[in-house]
Amino acid sequence: NAGVTQTPKFRVLKTGQSMTLLCAQDMNHEYMYWYRQDPGMGLRLIHYSVGEGTTAKGEVPDGYNVSRLKKQNFLLGLESAAPSQTSVYFCASSSDSGRNRYTQYFGPGTRLTVL
Amino acid sequence: AQRVTQPEKLLSVFKGAPVELKCNYSYSGSPELFWYVQYSRQRLQLLLRHISRESIKGFTADLNKGETSFHLKKPFAQEEDSAMYYCALTLRTQGAQKLVFGQGTRLTINP
């Protein structure tokens, strides 16, 4: 039971390049989330999903797109990377039932640098 | 607007001393609050949630609705408590459950 995994762990991009971050969870959770973590700003929600095939915007969605084609996977895309997107990206998942209802479980993070 | 405020970015205490990390929230409904911890170069993990009323690793937090606070406390700090601590508030909107995080407090325990 790996929990929440993210690939890649690190990436360096040039301005204008694109990339996709992959998040996978093996806990059969309905909800999945993408956050970015920046110094002094805590974690801010980029996009989230309440189930397979559905996505919604969070607090800071501009410049990002997401897809949830399978329940266990949540992809975050940067179509044209900008230096302002340099950050650490965390994926999380949660369930809407059971003892740990609504507790979010986090992945290890992806450190992205945009030059 | 829903908001979580952690007024201290940095907090430094000596080993064995009591520690209190402050968290204040702004929310019109019935709040559900969490403390998450992030040790150096590790992922965020749940420390405790107010509805469980547990003590985890010696930490406790009590929800005070009158003061809209959820401060995290430990009577005797240990060096392994050094970490980044985030207070978070649950929002339930449009069939989703989202977390609003505070800015975080970096706790350093000095030997």
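Here the residue numbers are simple positions, counted from 1 along each chain's written sequence. Working convention: letters from A go to chains and numbers from 1 go to ligands, in the order in which they are written. Restriction of local features to residues with pLDDT of at least 70 applies here, the model being predicted, together with a cutoff of 80 or more for giving and counting side-chain atom pairs; totals for whole chains, interfaces and linings are based on all residues. With hydrogens and water excluded, all non-hydrogen atoms of the structure serve as input to the side-chain values.

Chemist: Teacher, can you tell me more about the overall build of chain A here?
Modeler: Numbering of helices and strands runs from the N terminus, with a helix taken as a DSSP run of H or I at least four residues long and a strand as a DSSP run of E at least two residues long. Within chain A, the secondary structure is distributed over zero helices and eleven strands. Along chain A, helices (α) and strands (β) appear in the sequence β-β-β-β-β-β-β-β-β-β-β when read from the amino end. The globule rule is 2.2 Å times the number of residues to the power 0.38, and the radius of gyration it is compared with is taken over C-alpha atoms. Compactness check: chain A gives a C-alpha radius of gyration of 14 Å against a globular reference of 13 Å for 115 residues, within 12% of the reference. Viewed in the frame of its principal axes, chain A has a C-alpha envelope of about 45 × 30 × 25 Å. The buried share among the 115 residues of chain A stands at 47%. Any two residues having at least one pair of non-hydrogen atoms within 4.5 Å are treated as being in contact. Expressed as a percentage of contacts within chain A between residues at least 6 apart in sequence, the contacts between residues at least 24 apart total 54%. Within the structure as shown, chain A displays about 5,400 Å² of accessible surface, and the carbon and sulfur contribution to it stands at 51%. The charge count treats Lys and Arg as positive and Asp and Glu as negative. His and the chain ends do not count. Here the site of a charge means atom NZ of a Lys, CZ of an Arg, CG of an Asp or CD of a Glu. Seen as two clouds, the 12 positive and the 8 negative side-chain charges of chain A have centres 6 Å apart. Remark: exposure states derive from per-residue accessible area (1.4 Å probe, protein chains only) relative to the maximum for the residue type, with buried under 20%, exposed over 50%, and partly exposed in between. The Shrake-Rupley method, run with a 1.4 Å probe, gives the accessible areas here. Residue values count only the displayed protein chains as cover.

Chemist: Even after reading the chapter, I still don't get the overall build of chain B, so can you show me in this structure?
Modeler: Tallying secondary structure elements over chain B gives zero helices and eleven strands in all. In sequence order, chain B lays out its α and β elements as β-β-β-β-β-β-β-β-β-β-β. Computed over its C-alpha atoms, the radius of gyration of chain B comes to 14 Å, within 12% of the 13 Å expected for a compact globule of 111 residues. Along the first, second and third principal axes, the C-alpha set of chain B runs to 45 × 30 × 25 Å. Within chain B, the proportion of its 111 residues that are buried is 46%. Sequence separation of 24 or more characterises 57% of the internal contacts of chain B that already satisfy a separation of 6 or more. Each charge sign in chain B was given a centre, from 15 positive and 9 negative side chains, and these centres are 7 Å apart.

Chemist: Help me understand the sheet that holds strand β1 (residues 4–7) of chain A, please; the structure alone is not making it clear to me.
Modeler: Remark on secondary structure: sheet strands pair via backbone hydrogen bonds, oriented parallel or antiparallel. Residues and elements named next belong to chain A. Pairing is antiparallel in the open sheet, where four strands are placed in the order β1-β3-β8-β7. At either margin of the open sheet sits one strand with a lone partner, and together these are β1 and β7 (65–67). For this sheet the average axis-to-axis angle between neighbouring strands, irrespective of direction, equals 20°. A pair of strands counts as paired when DSSP detects no fewer than two bridges linking them. Comment: axis = line fitted to C-alpha atoms, over the contacting stretch for helices; angle = value between 0 and 180 degrees taken between N-to-C directions.

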